[in-house]
Amino acid sequence: MNTLTTTRIVYFSPTHTSEKIARAIGEGIGMPRRIETDLTLDEETSPIDIHDELTVLAAPVYGGRVAPAALQRMRRLKGNGSPAILAVVYGNRDYEDALIELRDVAASLGFIPLAGGAFVGEHSFSTPELPIAEGRPDEADLQKARLFGSESLRKWQEVGLAEELHVKGNIPYKTLPPSQPACPTCNENCFVCGECIEVCPTHAIHISDDRERIETEVNRCIKCCACVKACPNRARVFYSPFAAILHEKFSTRREPELFF
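Keep in mind the model is a prediction, meaning the values are calculated, not measured. Throughout, residues of each chain are indexed from 1 in the direction in which the sequence is written. Reporting in this predicted model follows two pLDDT cut-offs: at least 70 for local features of residues, and 80 or more for side-chain atom pairs to be given and counted; totals over whole chains, interfaces and linings ignore these cut-offs and use all residues. As a rule here, side-chain values come from all non-hydrogen atoms in the structure, and water together with hydrogens is ignored.

Caption draft 1: The layout of surface pockets, seen in detail. What the largest pocket holds in volume is close to 1,200 Å³. Forming the boundary of the largest pocket are 46 residues, of which Tyr-62, Gly-63, Phe-125, Lys-223 and Phe-242 lie nearest the centre. Going through the elements one at a time, helix H1 (17-29), strand S4 (54-62), helix H2 (68-74), strand S7 (83-90) and helix H7 (241-249) are the ones with two or more residues in the lining of the largest pocket. A run of DSSP states H or I qualifies as a helix once it reaches four residues; a run of E qualifies as a strand once it reaches two. Both are numbered from the N-terminal end. Looking at which element gives the most residues to the lining of the largest pocket, the answer is H7, with four residues. Gly counts as polar in this scheme, as do all residues outside two lists: the nonpolar Ala, Val, Leu, Ile, Met, Phe, Trp, Tyr, Cys and Pro, and the charged Asp, Glu, Lys and Arg. Considering only residue class, the lining of the largest pocket consists of 26 nonpolar, 15 polar and five charged. Here the second largest pocket defines a volume of roughly 470 Å³. Using a grid of 1 Å spacing that covers the protein atoms alone, one calls a set of points a cavity when a 1.4 Å probe fits there but cannot get out, and a pocket when the set is open and has protein on both sides within 12 Å along at least five of seven lines; lining residues are those with an atom within 4 Å of a point. Grid points are joined across faces, edges and corners, and a volume is the space filled by probe spheres set on the points.

As structure tokens, this is what we get:
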């Protein structure tokens, strides 16, 4: 039997969907000691060494790939042969090559992939007017994540890392088109409370020098819309032509896909 006593949960999660899935997986594992490493706002570059910890790596999917900012933050990790449970969270369209990409990146960081899952979370572009996987992960998703965690632990205890983990996806990965600079803006409801500044993972938002308005560095924005969802007065808005398409064509509920 392969004995570990510590779970390490690592996530990048601007709108908290990957965080919820990662924590649910950790609950399912149920080890006596659990460490959380939240990379969402952490732009440090110092290495994070992980030894003999069953590690959960969770990140959002952007355009069928792992969010680039998530990968950048995760490159601090040093796995040192620790087993890893991988989770990608996408907005009900498709995760395409994200899970296989996370598997390969985890291996390159010194982890040994044990299991992988693709889960659904509310899309960054979702709004009350155009909901896209609104409210997910819901309790059914979280329960499946807990079961995924317990089954992954059982695999580790009974089988270990006997063979390479196979997940859905393609190599080479999907090529992403160049990102067009765009960012959320403030409407007349904004009273410059600064809540959006606190949740921006790339620290792209600040208060103007005259203290009268919120400003955003458009080239630093990753369109995660954390600021939109966190604004207490619905004063932060982002209009994307893709939101209507996603709402129309990808409203049918998709379920988690798991790989062992």
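Caption draft 2: Structural view of empty space enclosed by the protein. Counting across every chain of the model gives two cavities of 30 Å³ or more. What lines the largest cavity is a set of 16 residues, among which Cys-190, Cys-193, Cys-196, Cys-231 and Ala-235 lie closest to the centre. Residues that form the lining of the largest cavity fall into these classes: eleven nonpolar, three polar and two charged. Space inside the second largest cavity adds up to approximately 90 Å³. Class assignment for the residues of the lining of the second largest cavity results in eleven nonpolar, two polar and two charged.

Caption draft 3: Quick peek at unusual backbone geometry. Following Arg-136, the chain continues to Pro-137 via a peptide bond in cis, the omega torsion being 5°. Ile-171 connects to Pro-172 through a cis peptide bond whose omega is 0°. For Pro-172, the position within the fold is in the loop between helix H4 (139-158) and strand S9 (185-186). Positive phi, normally seen in glycine, also occurs at Glu-96, with a value near 45°.

Caption draft 4: Here's a closer look at the side chain of Lys-155. Turning to its location among the elements, Lys-155 is positioned in helix H4. It turns out Lys-155 is buried and unbridged, and the closest side chain with the opposite charge, Glu-163, is 6.0 Å from it. Contacts were defined at the residue level, with two residues in contact if any of their heavy atoms lie within 4.5 Å. With residues up to four places along the chain from it excluded, the contact list for Lys-155 reads Leu-114, Gly-160 and Phe-260. Relative accessibility decides the category of a residue: with a 1.4 Å probe and only protein chains considered, values under 20% of the type maximum give buried, values over 50% give exposed, and everything between is partly exposed. By the counting rule applied here, Lys and Arg register as positive and Asp and Glu as negative, while His and the ends of each chain are not counted. By definition, a salt bridge exists where a carboxyl oxygen of Asp or Glu is found within 4 Å of a side-chain nitrogen of Lys or Arg.

Caption draft 5: Spatial organisation of the nonpolar core. The criterion is simple. A nonpolar core is a set of buried Ala, Val, Leu, Ile, Met, Phe, Trp, Tyr and Cys residues joined through side-chain atoms within 4.5 Å. Of all hydrophobic cores here, the largest spans 34 residues; its most connected members are Leu-57, Leu-77, Leu-86, Val-88, Tyr-95 and Phe-111. Among the elements that line this core, the one with the most residues is helix H3 (residues 98-108), at six residues. In this structure Leu-57 touches Val-10, Met-74, Leu-77, Ala-84, Ile-85, Leu-86, Ala-87, Leu-102, Ala-106 and Phe-111, once residues within four positions along its chain are discounted.

Caption draft 6: Region of interest: the packing of aromatic side chains. Here the aromatic set is Phe, Tyr and Trp, taking the six-membered ring for Trp, and pairing holds for ring centres within 6.5 Å; pairs whose planes are under 30 degrees apart are stacked, those over 60 apart are edge-to-face, and all others are tilted. Taken as a whole and assessed by the stated rule, the structure comprises four aromatic pairs. With a centroid separation of 5.5 Å and 45° between ring planes, the pair formed by Phe-125 and Phe-238 is classed as tilted. Separated by 113 residues along the polypeptide, Phe-125 in the loop between strand S8 (112-120) and H4 and Phe-238 in the loop between strand S12 (236-237) and H7 bring together distant segments of the chain. Residues Phe-125 and Phe-238 agree in their burial class; the two are buried. An aromatic cluster is built from Phe-119, Phe-148 and Phe-260, whose rings are joined through pairwise contacts.

Caption draft 7: Up close: H4. Here H4 spans 28 Å end to end across 20 residues, near enough to the 28 Å set by a 1.5 Å rise per residue. What H4 keeps buried is the set Asp-141, Leu-142, Ala-145, Phe-148, Gly-149, Ser-152, Leu-153, Lys-155 and Trp-156. Down the axis of H4, the smallest arc covering the buried residues is 160°, so these residues share one side. Here the buried face of H4 lies against H1, S4, S7, S8 and strand S13 (257-259). Any N or O atom pair separated by 3.5 Å or less is treated as a polar contact, with the protein-specific requirement of one donor-capable and one acceptor-capable atom, and with residues adjacent in sequence counted only for side-chain atom pairs. Put simply, Asp-138 is the residue that caps the front of H4, since its side-chain oxygen is 3.2 Å from the backbone nitrogen of Ala-140. In the segment just after H4, Gly-160 is the residue with positive phi, at about 75°. By this rule, a helix spans an expected 1.5 Å times one less than how many residues it contains. Arc definition: it is the arc formed by the directions from the helix axis to the C-beta atoms.

This is a description of form; function is not addressed.
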